[in-house]
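Observations on chain architecture
Given next are the chains, with one letter for each unit.
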Amino acid sequence: MKFLEYTPLDRINDFLREINLGERTIEGSLEAYSCKHTGTDKRLSLSLENEILDYLGKSSDTDSSPVEFLLSRSSRKTLIYLVLTLYHMYPDYDLSAVKAHQFFTEESWDTFKQIFETYMLEASKEWIETYGGSSLLETLYKALDEVVNLSDCEIYSYNPDSDADPLLEKGAIWSFSFFFYNRKLKRVVSFSFCCLSNLVGDGFLADNLCYEDGEIFDNMDM
């Protein structure tokens, strides 16, 4: 996977690098990659393919998911591209292709839009105050369309268990990762965004470890 630089993405990345909202900070990152093997990608791709085939060989239920999905070579190829993208995003994480499949979900633009507008509302307000003109979502749409042609894209969300989410390890209150994959262009754009608690750095959470699960957030505006 080769990292690609695009000016439209750079502007949004500069804005999303750190949006301080007092008790919390919103961060986001857009990364574009060509689905062309570089460095260790070829060896890793082969390893992931063998892992999937070994999993299929041991599975007796071919009508279940993820087995049914993985039987398609095209689907396995897509999954491997997505996992390779994750490897480049988080090089310190050991990702299993089969396990990762359980966390990938194909989405629509409308689903993404709903999540974005709900969780990035305050960031969108900051964008308008800073730049005016087009909204953050409109600017994001145009940038993605320029890079991967959204009308030809497959959109995937990645929602791992909490103990396998690198963003949650940073103290995130919530996090999302989406992938916009254009099969024809052999190109993928990842978009991760999260909300981090600034209270962690102030020792607030450490002073409240005696709270029962969830109690600490009862009075917070989520």
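Residues numbered from 1 in each chain as written. Predicted model: local features only at pLDDT ≥ 70, side-chain atom pairs only at ≥ 80, totals over all residues. Heavy atoms only, no water.

Focus on the pairing of strand β6 (residues 172-182)
Applied cut-off: The buried label applies to any residue whose accessible area, calculated with a 1.4 Å probe on protein chains only, is under 20% of its type's maximum; exposed applies above 50%, and partly exposed to all values in between. Each helix is a run of H or I in the DSSP string that is no shorter than four residues. Each strand is a run of E no shorter than two, and both are numbered from the N terminus. A strand pair is defined by DSSP finding two or more bridges across the two strands.
The buried fraction of β6 is high, at 11 of 11 residues. Bridge count for strand β5 (residues 153-158) against β6 is 5 bridges, and the pairing is antiparallel. Across the sheet, residue E154 finds its bridge partner in β6, namely Y181. Bridge count between β6 and strand β7 (residues 187-197): 10 bridges; the pairing is antiparallel. If you follow S177 over to β7, its bridge partner there is S192. Hairpin connection, β6 to β7: the antiparallel pair is bridged by 4 residues, and K186 has positive phi, about 55°.

Some thoughts on the environment of E107
Short version of the rule: Pairs of residues are marked as contacts when any of their non-hydrogen atoms sit within 4.5 Å.
Assignment of secondary structure puts E107 in strand β4 (residues 104-107). For E107, a relative accessible area of 21% translates into the label partly exposed. Spatially, the C-alpha atoms of E107 and E154 are 7.7 Å apart, while their sequence positions differ by 47 residues. Apart from the residues lying within four places of it in its own chain, the contact partners of E107 are I155, Y156, S157 and F178.

Observations regarding the packing of helix α1 (residues 7-16) against helix α8 (residues 136-148)
When two helices pack together, their arrangement is given by the angle between the helix axes and by the axis-to-axis distance. Stated precisely, the cut-off is as follows: Lines fitted to C-alpha atoms define the axes here, with helix axes fitted over just the stretch in contact, and angles between the N-to-C directions of these axes take values from 0 to 180 degrees. By the definition used in this description, the sense in which the near helix is turned from the far one sets the handedness, with an anticlockwise turn below a right angle giving left-handed and a clockwise turn giving right-handed. Think of it as three bins: nonpolar holds Ala, Val, Leu, Ile, Met, Phe, Trp, Tyr, Cys and Pro, charged holds Asp, Glu, Lys and Arg, and polar takes everything else, Gly as well.
At their nearest, the axes of α1 and α8 sit 9 Å apart, and the two run at 140° to each other. Note that α1 runs across α8; the crossing there is left-handed. Only L136, T139, L140, A143, E146 and V147 of α8 make contact with α1, whose side of the interface consists of P8, L9, R11, I12, F15 and L16. Class assignment of the residues belonging to the contact of α1 with α8 gives a composition of 9 nonpolar, 1 polar and 2 charged.

Details of the packing of helix α6 (residues 109-119) against α8
Filter applied, for reference: These descriptions rest on fixed angle ranges, namely under 35 degrees for roughly parallel, over 145 for roughly antiparallel, 65 to 115 for roughly perpendicular, and the rest for oblique.
With their axes 11 Å apart at the nearest point, α6 and α8 run at an angle of 140° to one another. Judged by the angle between their axes, α6 and α8 are oblique. Considering only the axes of α6 and α8, their crossing is right-handed. Taken together, the residues of α8 that come into contact with α6 (itself represented by W109, F112, K113, F116 and E117) are L136, L137, L140, Y141 and L144.

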